Every structure is written in structure tokens, then in C-alpha cells.
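# A look at the structure
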Amino acid sequence: MPSRKFADGEVVRGRWPGSSLYYEVEILSHDSNSQLYTVKYKDGTELELKENDIKPLTSFRQRKGGSTSSSPSRRRGSRSRSRSRSPGRLPKGARRSASASHQADIKEARREVEVKLTPLVLKPFGNSISRYNGEPEHIERNDVPRKNTQEKFNLSQESSYISTQYRLRPRREEIRLKEMDSKEEKFVTKELAVRTFEVTPIQAKDLEFGGVPGVFLIMFGLPVFLFLLLLMCKQKDPSLLNFPPPLPALYELWETRVFGVYLLWFLIQALFYLLPVGKVVEGMPLIDGRRLKYRLNGFYAFILTFAVIGTCLFQGVEFHYVYRHFLQFALAATVFCVVLSVYLYMRSLKAPRKDLSPASSGNAVYDFFIGRELNPRIGTFDLKYFCELRPGLIGWVVINLVMLLAEMKIQSRAVPSLAMILVNSFQLLYVVDALWNEEAVLTTMDIIHDGFGFMLAFGDLVWVPFIYSFQAFYLVSHPNEVSWPMASLMIVLKLCGYIIFRGANSQKNAFRKNPSDPKLSHLKTIHTSTGKNLLVSGWWGFVRHPNYLGDLIMALAWSLPCGFNHILPYFYVVYFTMLLVHREARDEYQCKKKYGVAWEKYCQRVPYRIFPYIY
Ligand SMILES: NC(=O)C1=CN([C@@H]2O[C@H](COP(=O)(O)OP(=O)(O)OC[C@H]3O[C@@H](n4cnc5c(N)ncnc54)[C@H](OP(=O)(O)O)[C@@H]3O)[C@@H](O)[C@H]2O)C=CC1
Ligand SMILES: CC(C)=CCC[C@@H](C)[C@H]1CC=C2C3=C(CC[C@@]21C)[C@@]1(C)CC[C@H](O)C(C)(C)[C@@H]1CC3
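Quick caveat: nothing in here was measured; it's all calculated off a predicted structure.

### Things to note about the environment of Leu580
Mapped onto the fold, Leu580 is located in helix H19 (residues 571–595). Sequence spacing of Leu580 and Leu429 is 151 residues, and the spatial spacing of their C-alpha atoms is 20 Å.

If you want it as C-alpha cells, here you go:
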């Protein structure tokens, strides 16, 4: 058995790929097959290194000065570049502030990303604020050995707010570069200061979702729409011709006991979230360079929840109560979400500017909707992260189970219908996948860009559990017989969607985590001058959002078991297409600003956004 020289947890010096510089790293693990060590730099970067590239600490004599700093991105240097998540604009807080303390924040943020390595000189603001990246990029295989491997790495990994660029240079160039850097630094500082302290008028900001009137309409329209949809589904004939459905009196929809049960559910999930089990990971770097810590125990929470539910079923607890009071539960969740949104908005008024979301605008209505504070936390309890994956997502599976039991009861079945089993298992797979890959949620737009306000509170706590479970709700009162050959086709469709969805998400996450991952060496990439590269082959060379394509295929597979008698069960597919087309446009806008010409090259090479040869 091959021996290993370094133990897990040992602190050593690791060579930075492509250079002769060594930085302090911690050994995380060792793969006896590939003989590679996974090491972690102090800035959180994880890489795989050969044994030859690792030296014990003792083999280095301590030198004075910054050269012993722990990782490239921590080192201080002659030039740095701090950048907002979207290079086209600084985060809102930074732009609006005029206070001295905020100036200090910005300076601090800038200091955090400075590097000692001789930097790569770019045109001032190349690929930065409001400008396209002028750097010529080229496409290359991911395994081609490079002189400047550093370009392959983004030190702050997936940092959307701050990225640092550098390239190792021969010493004789250093002085000249330093001069150029200091000139550029002055320019950058001046420009940053101007941009930071100007007060952006609200009209000058591109507000998404149709601006203030748009979000106003969404906030009132969506809850009304939700109740109309559920009421339509309760009708014997849920044809669109039977619209509007008979409306119940408002007082019939409110039941304090139901609200109590909802609160209990929320608190139990909060309790599970606090359990000290599961890995703790760091999120994406924030504007000030901080990385928040998140505990990954969603999957444990799921197991525990179903252990409790199993016990309750065994004890004879009546889950039919949830079906009978389904609308009351939806109202309880909506009321809770409104209260939560008000709380989130109020507390955001006291939040320091550096904690505000880059999506917030300064307009009260818009910010109430999009969320003003990026990561509202009570102590270590992260409200947005918790709501994104726990009460709503796990609640959706519980509701599906309730519908399955209700179907058996109402239709006097000994076993659930095949249609119901298909819907339940397809969606169960989706939720389990989300919880199993919980860490991936930390790189979604919801976590790194949008604040926590009404949009996500309503989306997570009301829309997901009560709309995403719509197919199961529909099947309770509108049975549909599915033959086995049809079921097999639906399973194949679901699996195809899942393979694309998971393949694409995993490929991108692995690439962002470690761009030199040997498993990705066959993939082609485009350089961008942010230091991050773009995949242009594999799933991301097929269409520009392969994960959305997979998600939409799965959405169709969830609806098909409901048959073709009514359009209602297909509402989810229609809504989801609209959501993802809109989301794709939002992401495209951000990427164009971030990557400039490189992104345009990517678009030329991969012309379709979501649907090959269609869109
Ligand atoms: N069920 C539901 O209701 C919903 C599900 N989803 C799902 O959530 C998942 C996450 O979605 P979302 O957060 O919107 O976005 P993505 O996971 O698609 O992430 C988009 C980001 O990926 C990076 N990227 C884009 N192209 C490339 C490329 N070629 N190579 C490398 N990186 C690239 C860019 O960020 P950077 O370069 O900065 O890393 C871009 O901003 C998706 O699977 C989606 O289907 C989303 C919304 C709702
Ligand atoms: C106004 C309105 C209706 C907004 C609703 C949007 C939300 C429902 C969605 C926005 C992004 C979402 C994500 C998931 C669920 C739906 C919402 C909240 C997600 C948790 C589903 C499971 C996936 O695997 C995921 C973790 C990638 C995903 C993240 C985004």
C-alpha cells in the first residue's frame, strides 16, 4: 500500500500551481489512487496537490514581511482590484453611502483582496465597472498545462463581489509594473470613491420585475392567484370555463388552530436547523471579504422530520386534517410570510450598508419585495438560508404525502394510484437532491444577489409548498389512470431531466470549486479577465442554461401523470417556464457585465439559452 507523507489536518506549505511560491495550507484528505492531497489555503481555496508540491513548515525559514502570508489572496500588494458582484455597479450600500464609516468599510474590503504577487496589469477598469472586458480570451482545453496557472483560479472562488487578478511576473518587470499599478490604483480609488458616494437616484437603477408598479402587482396578485387556483382545483369540474370558482367568506379561511400548527411546524424545522450535526462550510465572499458560515444539515432535518411523521402516523395522528384545512394552511403561511417580511424590512433599516443586498434600490416598496438585507441573521441563525430549503421544501414533501393519504381515503383505495405514486416519487427525488446537495444553494442568485424580503419569503414558504404540490392536490379529487407503458415513458422523461439538471449543476459547482479538477480536464473553457473561466463544452457547451432545461423537463414529467383532461395541472410547467426564462435574462444581464467580451464569445459559441435550436 502506498504510504503518505502528510496526515489529514497537518499544516504545511503547498506550492501554488504553476509557480514556485509556497503558502500555508491544511491537508484535508489524501487520495491513495491518484496520490493527490486535497489541501485548503487560508482563503478557503481547495486544490489537489502532488506530494512533491508540499513541504513541511519546518523546511521554510521564516522571512520578514508579507511573503509568508497564508494564501495568495490574503497577501497585500502593490495593486489590487476590488469589484462589485456585477462589475457594472457597486452594491447598493456602497453606492449610496456617504458616511465615513462606510468609506472605512470600502477600504477594508479593498484591503482584504490585495495580493502581494506581482499583479497582472489590465486596462483600467477592463472588465470592470460598466465596461466590457477588453482582454482577448481564447478557448482551451481544461488540462493544457499553462505557464500562468493562476489565471485558472479565482482566488476568492466564485466571489461575486470581489475578485483579484494577478499573474506571476519576472522580477525585472516588477518596478515598472509597480509604477503602472500605483497610477492605476489612484485612478481606481478615485473612480471608486466617486461611484461609492454618489447618491443614485432610484430611476437610474434598473429595477427588475417591472419596477415599483410591477412588484406591487406581484405582491397582491400572487396570493390572490394562489387561492383562486386552489379553489378552482377543489371544483368537481376544474375547467377554465368554470372560472371564477365560488369564493368562501374570508373568516372561513382563517383558523387560529391551523396557524398554531403552522407555527409549530416552523419551530420544529428551526430546531432541526440548530442541531449541531453536519459540516459547516463558508459561503461566497461578501462585499467586505467576510464569508458567512453555514451548517449543512438539511438532509438530517429531512430524515428527522420523516421519523417524527412516521411515529405520528403509527400513533394514529390524523393527517387528513391538513387536507381538509388546506386553504386555511395556505392562508396561515401567507399571514406568517407577511409578518416575516415586515420584520425583515424593519430590521433592515438598522442594518449596516455593507449588509444590504445589491438588488435593493432605496425605494421602500421595491425593497420590501426584493429584500433589503442580504443575509439577515439572528446570531448564527440565517433566516434566508433556512427558509430557502427547510420549512417550504420539506413541507412540500409532507403535503404530497398528505395528498397521497387523502387520495386513498377519499377514493377508498387500498393503495395509492400509480399517478399519485409517480408524482410523489418524482418530487421526492427533487427535494432529496436539493437537500443532499445543500451546499450548491449557497451559489444561487437567491443567496448571493437577492435580499430576503417578500419575494423569497412568499416563494419559499407559500409558493413552493402550496403550488409545487398542486399535481398531488389535483389527483386527490381528479383521479387519472396511468398505464405502465405510459408510466415508463414518464419515468424516462423524469430521469432525462434529472440527469441534465444534476449533471449541469454538479459540473459547474465542481468547476467553480476547483477549476483544475482532473475529472473536468476534458472540458474546454474560455478565459475571462476576472480570473474566473467559463465552461464551453460539456453540459455548458450544449445550451447556456442546461440546468434550467433539465428542471423544465422534470416539471413536465411531474404534470403528465395528471393526464390531459384539464389544463390546471400544467400550470406549474407554464409558470416555471416563465420564471426560468425571466431568471435566465437576469443572469445573462449580470454575466454580460461581469465577463464582457468573453461572455459574448461564449454566446456566439453556445447560441441557445435554454432550449437547443429554439431559444
Ligand atoms: N424549482 C424552482 O422553483 C427553481 C429552481 N431553480 C434551479 O436552481 C438552480 C440554480 O439556478 P440559478 O441560481 O438561477 O443559476 P445557475 O446555477 O444557472 O447559475 C448561474 C451562474 O452560473 C455561472 N455560469 C454561467 N455560465 C457558466 C459557464 N458556462 N461556465 C461556468 N459558470 C457559468 C455564472 O456565475 P459565476 O460565473 O459568477 O459563477 C452564472 O451567474 C438551477 O438548477 C435552477 O434550475 C432556480 C429557480 C427556481
Ligand atoms: C414571486 C415568486 C413566485 C417567486 C418565487 C420564486 C421561488 C419560488 C423560487 C426562486 C428560487 C428558488 C429555488 C428553489 C425553490 C424555488 C425558489 C425559492 C430551489 C430551492 C428548489 C430546489 C433546487 O434544487 C434548488 C436548491 C436549486 C432551488 C434553488 C432556487
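The structure having been displayed, the exposition proceeds.
### Re the nonpolar core
The biggest cluster of nonpolar side chains holds 120 residues, and the ones touching the most others in it are Leu226, Met403, Phe466 and Tyr468. Take this core: its biggest share by element is 12 residues, from helix H9 (residues 326–348). If we skip the residues at most four places from it in the chain, Tyr468 touches Trp396, Gln427, Trp463, Tyr572, Tyr575 and Phe576. Ala504, Leu534, Leu535 and Ala598 belong to the second-largest nonpolar core, a separate cluster that totals 16 residues.

### Quick word on the pattern of salt bridges
Taken as a whole and assessed by the stated rule, the structure comprises 17 salt bridges. With a closest N to O distance of 2.8 Å, Asp446 and Arg583 form a salt bridge. Remark: Arg583 occurs in helix H19 and Asp446 occurs in helix H14 (residues 445–448); sequence separation between them is 137 residues. With its nearest N and O atoms 3.0 Å apart, the salt bridge here joins Arg609 to Glu584. A residue pair is termed long-range when its members are at least 10 positions apart, and Arg609 in the segment after helix H20 (597–605) and Glu584 in helix H19 qualify at 25 residues. With relative accessibility at 0%, the residue Glu584 sits in the buried group. Here the salt bridges do not stand alone but share partners, grouping Glu208, Asp450 and Arg586 into one network.

### Observations regarding the site of ligand 1
In the vicinity of ligand 1 lie 26 residues, with Tyr468, Tyr548, Asp551, Asp587 and Tyr595 positioned nearest. Burial of ligand 1 by the surrounding chains reaches 90%, relative to a free accessible area of 920 Å². At the level of secondary structure, the elements contributing two or more residues to the shell around ligand 1 comprise helix H17 (484–513), strand S12 (533–535), helix H18 (546–559), H19 and H20. Sort the elements by how many residues they give to the shell around ligand 1 and H19 lands first, with eight residues. Considered class by class, the residues forming the shell around ligand 1 number 15 nonpolar, four polar and seven charged.

### Re the sheet that holds strand S3 (residues 36–41)
Each strand in a sheet pairs with another by means of backbone hydrogen bonds, the pair being arranged parallel or else antiparallel. Spatial ordering of the open sheet is given by S4-S3-S2-S1-S5, a layout of five strands whose pairing is antiparallel. Every other strand in the sheet has two partners, leaving strand S4 (46–50) and strand S5 (54–56) as the edge strands with one partner each. In this sheet, neighbouring strand axes are inclined to one another by 50 degrees on average, regardless of whether the strands run parallel or antiparallel. Two elements, strand S1 (residues 11–15) and strand S2 (residues 22–31), share five bridges in a ladder whose sense is antiparallel. Bridging from a neighbouring strand, Val12 pairs with Val25 of S2.

### Considerations on the site of ligand 2
The local shell around ligand 2 holds 14 residues, among which Leu222, Glu388, Ala434, Asp446 and Asp460 are the closest. Burial of ligand 2 by the protein chains amounts to 86% of its free accessible area of 620 Å². For the shell around ligand 2, the element with the highest residue contribution is helix H15 (residues 454–467), accounting for four residues. Taken together, the residues of the shell around ligand 2 sort by class into nine nonpolar, one polar and four charged.

### Here we look at the UniProt feature "transmembrane region" (unreviewed entry) in the protein
Sites flagged by UniProt as "transmembrane region" (unreviewed entry) map to residues 211–233, 254–274, 294–314, 326–346, 413–432, 452–470, 482–501 and 552–576. Structurally, residues 294–314 is divided into 81% helix and 14% strand, and its ends, taken at the C-alpha atoms, are 34 Å apart.

The rules we used
Residues numbered from 1 in each chain as written. Chains lettered and ligands numbered in written order. Predicted model: local features only at pLDDT ≥ 70, side-chain atom pairs only at ≥ 80, totals over all residues. Heavy atoms only, no water. Helix = DSSP H or I, 4+ residues; strand = E, 2+ residues; numbered from the N terminus. Core = buried A, V, L, I, M, F, W, Y, C linked by side-chain atoms within 4.5 Å. Buried < 20%, exposed > 50% of the residue type's maximum accessible area, 1.4 Å probe, protein only. Contact = heavy atoms within 4.5 Å. Salt bridge = Lys/Arg side-chain N within 4 Å of Asp/Glu carboxyl O. Near = heavy atom within 4 Å. Areas by Shrake-Rupley, 256 points an atom, 1.4 Å probe, with all protein chains shown as cover. Nonpolar A, V, L, I, M, F, W, Y, C, P; charged D, E, K, R; others polar. Pairing = 2+ DSSP bridges. Axes fitted to C-alpha atoms, helices over the stretch in contact; angles between N-to-C directions. UniProt positions renumbered as here; feature names shortened; annotations may be inferred.

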